[in-house]
Amino acid sequence: MSLTGIYQSPLQPWRLSVAPMLDVTDRHCRYFHRLLAPHALLYTEMVTTGALIYGDVPRHLQFNEEEHPVALQLGGSEPAALVHCAKLGEEWGYDEINLNCGCPSERVQKGAFGACLMAEAQLVADCIKAMQDVVDIPVTVKHRLGLDYDESYTFVQDFVAKIYETGCRVFISHARNAVLKGLSPKDNREIPPLRYDVVKQLKADFPDALFVLNGGINQLTQSQCLLDEFDGIMIGRAAWHEPYVLRDISQTIWSDRLEADDTTICSKMTQYAEQALSQGAPLRAVIKPMLGLMNGQKGAKHFRRLLSDVKRLNAGDITLIEEAFNLMQHLASAS
């Protein structure tokens, strides 16, 4: 696979990306993240092949043009089903198709995809190759470093090698093992130890592939160091809990390009909320990704409380956004 399109862009969006997160990175969240990081690569929540084959395709695939570059992450293990869904993703205008080989939840395991696919490298390779044959956009993989408590480097090296043989050249490496039994998805993001050195070894063993590091990245200084060692970094829960971290990292990568200030974010999100409500979206869904925006600042609790006003959310009162920002500006000037 040649790195075409967005991967040849001088902006190099793979340098910074926001992880696919279930019940988090919907189109409203992605629009908000785009304001904070104008050039980062954004990922959808994982969308299962069954949801696209048997469900409401527009509901799952609709996105805002402002989101580009944006990637569709698929969950599945049947080449024919993935082919169908990859073609849909390309038709809908996504810039990349990503296969989930990292989610450890029991629900996902029951569907025979996610992290458990790492035990079937040849099947993953068949799935990747099948999708590559029908789309002209990059097909990538997001994976863990191992399963359960086996920390053998050979396991992940063999997995990457098998996928590499298909021509795949972008690997998003969550630098932890996935424990398939006994740990919740949340615990799987925290308990298995981070092993950045293993991803560094993969990068050395496959020098013409891109390795994007994921896992435990939540600080600006940390990200600056990691960007010197890896082809890119993927931010996960930090983008949800403290969104300004995303903006700060974006500014360090693309320092010659202006990021949205608080006033612009307020104005853009108000305009977006009005548009989304006219299309039937609840205001609560639009505002949800903004709740952590002021975390760590004086008045953050009041900011969240104002944006969470049930009565006004139910009434679709978009003036809520401006009021919340004005509150924070008032508190900042008074300190």
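Per chain, the residues get numbers from 1 upward, laid out in the order the sequence is written. Given that this is a predicted model, residues contribute local features only at a pLDDT of at least 70 and side-chain atom pairs are listed and counted only at 80 or more, while totals for whole chains, interfaces and linings are drawn from all residues. With hydrogens and water excluded, all non-hydrogen atoms of the structure serve as input to the side-chain values.

Student: Hey, could you run me through the pairing of strand β11 (residues 232-235) in this one?
Tutor: Along a regular strand, successive side chains alternate from one face of the sheet to the other. By the alternation rule, side chains of β11 split into Gly232 and Met234 and Ile233 and Ile235, which are all buried. Sheet analysis places strand β1 (residues 16-18) next to β11, joined by three bridges and oriented parallel. Of the residues in β11, the one forming a bridge with Ser17 is Met234. In this view, the connection linking strand β10 (residues 210-214) to its parallel neighbour β11 by way of helix α10 (residues 220-227) has right-handed handedness. Residue burial is assigned from relative accessible area. The probe radius is 1.4 Å, only protein chains are included, and a residue is buried under 20% of its type maximum, exposed over 50%, and partly exposed in between. Numbered from the N terminus, helices here are DSSP runs of H or I no shorter than four residues, and strands are runs of E no shorter than two. The pairing criterion is simple: DSSP has to find at least two bridges between the two strands. Here is how to tell: hold the view so the strands point away, follow the path from the first strand over the helix to the second, and if it runs clockwise the crossover is right-handed.

Student: So what exactly am I meant to see when it comes to the pattern of salt bridges here?
Tutor: When the charged atoms of two side chains with opposite charge come close together, those side chains can pair. A side-chain nitrogen of Lys or Arg and a carboxyl oxygen of Asp or Glu constitute a salt bridge if their distance falls within 4 Å. In the structure shown here, the tally under the stated rule is nine salt bridges. Glu229 is the salt-bridge partner of Lys200, the closest N and O atoms lying 2.4 Å from each other. Note that Lys200 is positioned in helix α9 (residues 196-205) and Glu229 in the loop between α10 and β11, a separation of 29 residues in sequence. The shortest N-O distance in the salt bridge between Asp262 and Arg247 comes to 3.6 Å. Within this pair, whereas Asp262 is found in helix α13 (residues 262-278), its partner Arg247 is found in helix α12 (residues 243-253), the two being separated by 15 residues in sequence. By relative accessible area, Asp262 is classed as partly exposed at 28%.

Student: What's the story with the UniProt feature "active site" (unreviewed entry) in the chain in this structure? I'm lost.
Tutor: UniProt positions are given in the numbering used here, feature names are shortened, and annotations may be inferred rather than shown by experiment. Look at the UniProt record and you will see "active site" (unreviewed entry) annotated at Cys103. Relative to the helices and strands, Cys103 is located in the loop between β5 (96-101) and α5 (106-110). Classification of Cys103 by relative accessible area gives buried; the value is 14%.

Student: Can you help me understand the layout of surface pockets in this one?
Tutor: The gaps of empty space that remain are located by a probe, the size of a water molecule, rolled over the atoms. Considering only enclosed or pocket space, the largest pocket measures out at about 710 Å³ in volume. Around the largest pocket, the lining comprises 29 residues; the ones closest to its centre are Pro20, Met21, His174, Arg189 and Arg237. Those elements giving two or more residues to the lining of the largest pocket turn out to be α8 (185-188) and α11 (237-241). No other element matches the three residues that α11 contributes to the lining of the largest pocket. Think of a 1 Å grid over just the protein atoms. A cavity is a set of points where a 1.4 Å probe fits yet cannot get out, a pocket is an open set with protein on both sides within 12 Å along at least five of seven lines, and lining residues have an atom within 4 Å of a point. Grid points are joined across faces, edges and corners, and a volume is the space filled by probe spheres set on the points. By volume, the second largest pocket amounts to about 570 Å³.

Student: Could you clarify how one ought to interpret the side chain of Asn214 in this entry?
Tutor: Positionally, Asn214 belongs in strand β10. With sequence-adjacent residues up to four places away left out, Asn214 is seen in contact with Ala19, Lys142, Ile172, Ser173, His174, Ala175, Met234 and Gly236. Residues are treated as being in contact if the distance between any of their heavy atoms lies within 4.5 Å.

Student: How should the domain arrangement of the chain be read in this particular structure?
Tutor: How big an interface is tends to be stated in terms of accessible area lost as the parts join. Segmentation into domains, and thus their bounds, comes from an automatic or database assignment. Split by domain assignment, the chain resolves into domain 1 (10-253) and domain 2 (262-334). Taken over C-alpha atoms, the centre of domain 1 sits 29 Å from the centre of domain 2. With both chains or domains summed, domain 1 and domain 2 bury close to 1,600 Å², and 61% of this area falls on carbon and sulfur atoms. We call two N or O atoms a polar contact when they sit within 3.5 Å, provided that within protein one can donate a hydrogen and the other can accept it, with sequence-adjacent residues counted only if both atoms are side-chain atoms. Seen at the junction of domain 1 and domain 2, the total is five residue pairs in polar contact (both at pLDDT 80 or more). Those elements that provide at least two residues to the side of domain 1 that touches domain 2 are α1 (27-36), α11 and α12. Here the side of domain 1 that touches domain 2 gets seven residues from one element, more than from any other, and that element is α1. Put simply, Ala, Val, Leu, Ile, Met, Phe, Trp, Tyr, Cys and Pro go in the nonpolar bin, Asp, Glu, Lys and Arg in the charged bin, and everything else, Gly too, in the polar bin. A breakdown of the residues in the side of domain 1 that touches domain 2 according to their chemical character gives eight nonpolar, four polar and four charged. Note on definitions: buried area is the accessible-area loss of two parts on being combined, 1.4 Å probe, summed for both.

Student: Just to check I follow, could you spell out the packing of aromatic side chains for this structure?
Tutor: Each aromatic ring pair is specified by the distance between its two centres and by the angle formed by the two planes. Note on ring pairs: Phe, Tyr and Trp rings are taken, using the six-membered ring of Trp, and paired if centres are within 6.5 Å. Classes follow the plane angle, with under 30 degrees stacked, over 60 edge-to-face and the rest tilted. According to the stated counting rule, one finds five aromatic pairs in the structure shown. For a ring to carry a charge above it, either NZ of a lysine or CZ of an arginine must fall within 6 Å of the ring centroid while also lying within 35 degrees of the normal to the ring plane. Here the basic side chain of Arg169 rests over the ring of Tyr164, its NZ or CZ set 3.5 Å away from the ring centre.

Student: Hey, could you run me through unusual backbone geometry in this one?
Tutor: Working note: non-glycine residues mostly have negative phi, and peptide bonds are mostly trans. For the peptide bond that leads from His68 to Pro69, omega is -5 degrees, which places it in the cis range. For Pro69, the position within the fold is in the loop between α3 (57-61) and β4 (70-75). Positive phi, close to 65 degrees, is recorded for Asp23, a residue that is not glycine. Structurally, Asp23 is set in the loop between β1 and α1.

Student: Teacher, can you tell me more about the pairing of β10 here?
Tutor: Within β10, five of the five residues are buried, which leaves the element mostly enclosed by the surrounding structure. Neither face of β10 is left uncovered, since the one carrying Leu210, Val212 and Asn214 and the one carrying Phe211 and Leu213 both have all their residues buried. Where strand β8 (residues 170-174) and β10 come together, five bridges link them in parallel fashion. Bridging across to β10, Phe171 finds its partner in Phe211.

Student: Is there a simple way to explain the environment of Asp317 in this structure?
Tutor: The residue Asp317 is located in the loop between α16 (310-314) and α17 (319-334) in this model. Taking C-alpha positions, Asp317 is 10.0 Å from Thr270, a pair spaced 47 residues apart along the chain. Setting aside residues no more than four positions away along its own chain, Asp317 makes contact with Leu283 and Arg312. A polar contact of 2.8 Å, which involves the side chain of Asp317, links it to the side chain of Arg312. Within the structure, Asp317 has its side chain in polar contact with the side chain of Thr319 (distance 2.4 Å).

Student: Looking at this model, I keep getting lost on helix α6 (residues 121-132). Mind explaining?
Tutor: Owing to its 3.6 residues per turn, the α-helix brings residues three or four apart onto one side. For α6, which comprises twelve residues, the first-to-last C-alpha distance of 16 Å matches the rise-based estimate of 16 Å (1.5 Å per residue) to within 8%. Of the residues making up α6, those classed as buried are Ala121, Val124, Ala125, Cys127, Ile128, Ala130, Met131 and Gln132. On the buried face of α6, the contacting elements are β4, α4 (79-91), β5, β6 (139-143) and α7 (153-164). Multiplying one less than the number of residues by 1.5 Å gives the expected span of a helix.

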